[in-house]
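Chain residues, written in single-letter form:
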Amino acid sequence: MKPSGTLVEILYVKAVTYTKKTEHTGAGMDQNREGKNKKDYSRLFRRFIFLTMVCSLFPLLLAGWAINIHYSEFARERILKTLQTRVEYHKKIIELFLKENKTRLDFIARTNSIEFLIKEGNLTHILNNINRDDWVLTDIGIIDENGDHAAYVGPYKLIDKNYSNAFWFKEVMEKEIYTSDMFMGFRKEPHFIMAVTKKENGRRWILRATVNTDSFRSLVENVRIGRTGDVYILNSKGIYQTSPGFSGEILTQASGFKGEIHDDLKFRFLEIVDRDVKIKKIVCETWLKDPRWLLVVRVGEKEFFEDIRHANRATLVSLHLSALIILIVTVFVTNHMVQVIKKRDSELEEMNTQLMQAGKLASIGELSAGVAHEINNPLAIIMTEHQLLLDAEKRTPITDPEFGEQFAGSLSQIGTQVRRCAHITKNLMKFARRTKSVIETININVFVREVIDLMEREAKSDGITFKSVLDDTIPPILTDPSQLQQVLLNIINNAIAAHENKGYGMITIATRLSNDKTGIVIIVEDTGNGIKDEDIEKVFDPFFTTKSPGQGTGLGLSICYSIVKQLGGNIHVESDVGKGTLFTLTFPLKPPENLLKHG
């Protein structure tokens, strides 16, 4: 049999040897890396600057010219598309204006009798209502089937005129609803009319209205673009229905009119001479549906594409300025990149340090297991001797009552303390070695109270009190009590540490049934210093800690996270800096099947 302590000494020597070896290796690596990095950083800085200068200027110029050409074509297409959209939209506005007035006249004719319309004042009232918001119609009249006025309201003396020979009279009698081209008529000025027919008591009559020319022209020219742009309307024969802005007059023939009717919108590029100066124009044309009028928008090409030419000049200037800016930016960017690399190297060194710390913890765990095992041997001997004393006391009772009472009390205390030591060594071995989970049915409220009793004394020394809000209606759960205890102890220890330098505080532990009734929820809330927003997502990462060096390894919450997931639960953290932190742990009423089977 080996002498007591031999295994402990061997493990201790192994742990110290491993620790010194890792420290020595880590220190040697740090020195080599530091020396290498000092040379590499300077060389890296110069190389980055050289490569950036060589690889940036040529691609910049090449890309600049390509972008310039592509942008010119793209912008040209987009500008033409914008013009097309505006013209199509304006076409719809004009068509809507014409259709609205025709529909209005048709509605008046179909909903009123001729007797009502020719009655004094009614036609005037209708015209005033139509022109209430805008002067749309110049006049309105009722014409019988012979071409004579039955009623008329307007600024002209037309009541005695006969229209039986007018071109529009025949058209409206045939089509029942009609919009004319511009014509002079009896009033000797350009205008166009809208008319609808109605048959009543075997007789036909016409409701005719004259569209206000100025109002219609204002509507048409509302889409004028730029200083040199103009807009006008031609009829199907190429006669101006509105006055063009820079050349031609209303009711005259337009030059270059082809008369081809098409449903889509077309562009033409032409060159005109104005005061012996050649001007390039962009012409956009589209036909209205009813009447068949051609909407024409003309704009000077130079003015229209001025923004593109300006952008091209700006692009070329920017290319040359960019070459100069690259010289400055390269230095700053390269310096930043080197600093980032330095930071990553520093983080790598820190990670190596943490890995060495993990190695030390592994050695300590191995040592702890050996110590716990060795302590169990004398504890077993003490328990045996304790039992012998109890048996001896039963065989030979002590005659002195006072001494007997003290003797019995001492034996009881020995037994209690030996069992306590055995429990401590058992927990130490659980910490040092991964053992199978022992699944038991536990009352979570009783379990929480035991944890509070265990930690309350330590918390009181820091001025921290516990508050429990436990739901007595929650059912027992199947879980591993030792692992659950480790989770709660870790979180409560962190909560106590979060009150550092405060001298007071409160830790609240609450239990309740989960919302879906399939598990229980444990909430641990403290009034400590809280966790910063940038750290809240990293608290469960291994080796991450906000504690000062030497006060924590950053493994506690990582282990908690692993245990909770292993038990089939979830853990969530919320924190408000300066106010405290709240951990929410959710566990199912039954653990996962694989944990039940394999433990």
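To be clear, the structure that these remarks concern was listed above.
From a predicted model like this one, the values you see are computed outputs, not experimental measurements. (Residues numbered from 1 in each chain as written. Predicted model: local features only at pLDDT ≥ 70, side-chain atom pairs only at ≥ 80, totals over all residues. Heavy atoms only, no water.)

Peer 1: Tell me about the overall build of the chain, residues and numbers included.
Peer 2: Helix and strand content of the chain: 13 helices and 16 strands. For the chain, the accessible area works out to roughly 36200 Å², and carbon and sulfur atoms hold 56% of it. (Helix = DSSP H or I, 4+ residues; strand = E, 2+ residues; numbered from the N terminus. Areas by Shrake-Rupley, 256 points an atom, 1.4 Å probe, with all protein chains shown as cover.)

Peer 1: Which residues make up the pattern of salt bridges, and what values go with them?
Peer 2: Enumeration over the complete set of coordinates arrives at 13 salt bridges. A salt bridge links Glu260 to Lys266; its shortest N-O distance comes to 3.5 Å. With relative accessibility at 33%, the residue Lys266 sits in the partly exposed group. When the shortest N-O distance is used, the salt bridge between Asp263 and Arg292 registers 3.5 Å. Of this pair, Asp263 sits in the loop between strand 6 (230–234) and strand 7 (266–274) while Arg292 sits in the loop between strand 8 (277–287) and strand 9 (294–300), and the two are 29 residues apart along the sequence. Residue Asp263 is classed as exposed on the basis of its relative accessible area of 63%. (Salt bridge = Lys/Arg side-chain N within 4 Å of Asp/Glu carboxyl O. Buried < 20%, exposed > 50% of the residue type's maximum accessible area, 1.4 Å probe, protein only.)

Peer 1: How would you sum up the layout of surface pockets? Please name residues and give values.
Peer 2: Estimated volume of the second largest pocket: approximately 820 Å³. The wall of the second largest pocket is formed by 38 residues, among which Leu270, Ile272, Lys281, Val283 and Arg298 lie closest to the centre. Put simply, the parts of the chain that give the lining of the second largest pocket at least two residues each are strand 6, strand 7, strand 8, strand 9 and helix 6 (301–304). Split into classes, the residues belonging to the lining of the second largest pocket amount to 15 nonpolar, seven polar and 16 charged. (1 Å grid on protein atoms, 1.4 Å probe; cavity = no way out; pocket = protein on both sides within 12 Å on 5 of 7 lines; lining within 4 Å. Points joined across faces, edges and corners; volume = space filled by probe spheres on them. Nonpolar A, V, L, I, M, F, W, Y, C, P; charged D, E, K, R; others polar.)

Peer 1: Lay out a nonpolar patch on the surface in plain terms, naming residues and giving numbers.
Peer 2: A contiguous nonpolar patch, built from Val317, Leu321, Leu324, Ile325, Leu327, Ile328, Val329, Val331, Phe332, Val333 and Met337 and spanning about 990 Å² of accessible area, is present on the exposed surface. Its location among the elements puts Ile325 in helix 7 (residues 306–395). (Patch = residues over 30% accessible without salt bridge, like charges linked within 9 Å, V, L, I, M, F, W, Y side chains within 5 Å.)

Peer 1: Explain the sheet that holds strand 5 (residues 203–211) to me, using residue names and the numbers behind them.
Peer 2: Pairing in this open sheet of five strands is antiparallel, and the strands run 2-1-5-4-3 from one edge to the other. Edge positions in the sheet fall to strand 2 (149–153) and strand 3 (177–179), since each of these pairs with one other strand and no more. Taken pair by pair, the neighbouring strands of this sheet meet at an average axis angle of 15°, ignoring direction. Here strand 3 pairs with strand 4 (residues 192–200) via three bridges, running antiparallel. When the bridges of strand 4 are listed, Thr179 appears paired with Met194. Strands in contact with helix 3 (residues 122–130) are strand 1 (137–144) and strand 2; relative to strand 1, the strand with the most contacts, it is inclined by about 145°. (Pairing = 2+ DSSP bridges. Axes fitted to C-alpha atoms, helices over the stretch in contact; angles between N-to-C directions. Contact = heavy atoms within 4.5 Å.)

Peer 1: Describe the sheet that holds strand 11 (residues 464–469), with residues and values.
Peer 2: Strand order in the open sheet made by the five strands is 11-13-14-16-15, with mixed pairing throughout. Of all strands in the sheet, those with a lone pairing partner are strand 11 and strand 15 (570–576), marking the two edges. With direction set aside, neighbouring strand axes in the sheet form an average angle of 15°. Here seven bridges tie strand 13 (residues 505–513) to strand 14 (residues 519–526), and the two strands are oriented antiparallel to one another. For Leu513, the partnering residue across the bridge sits in strand 14 and is Ile520. Those strands touched by helix 9 (residues 444–460) are strand 11, strand 13 and strand 14, and its axis lies near 170° from that of strand 11.

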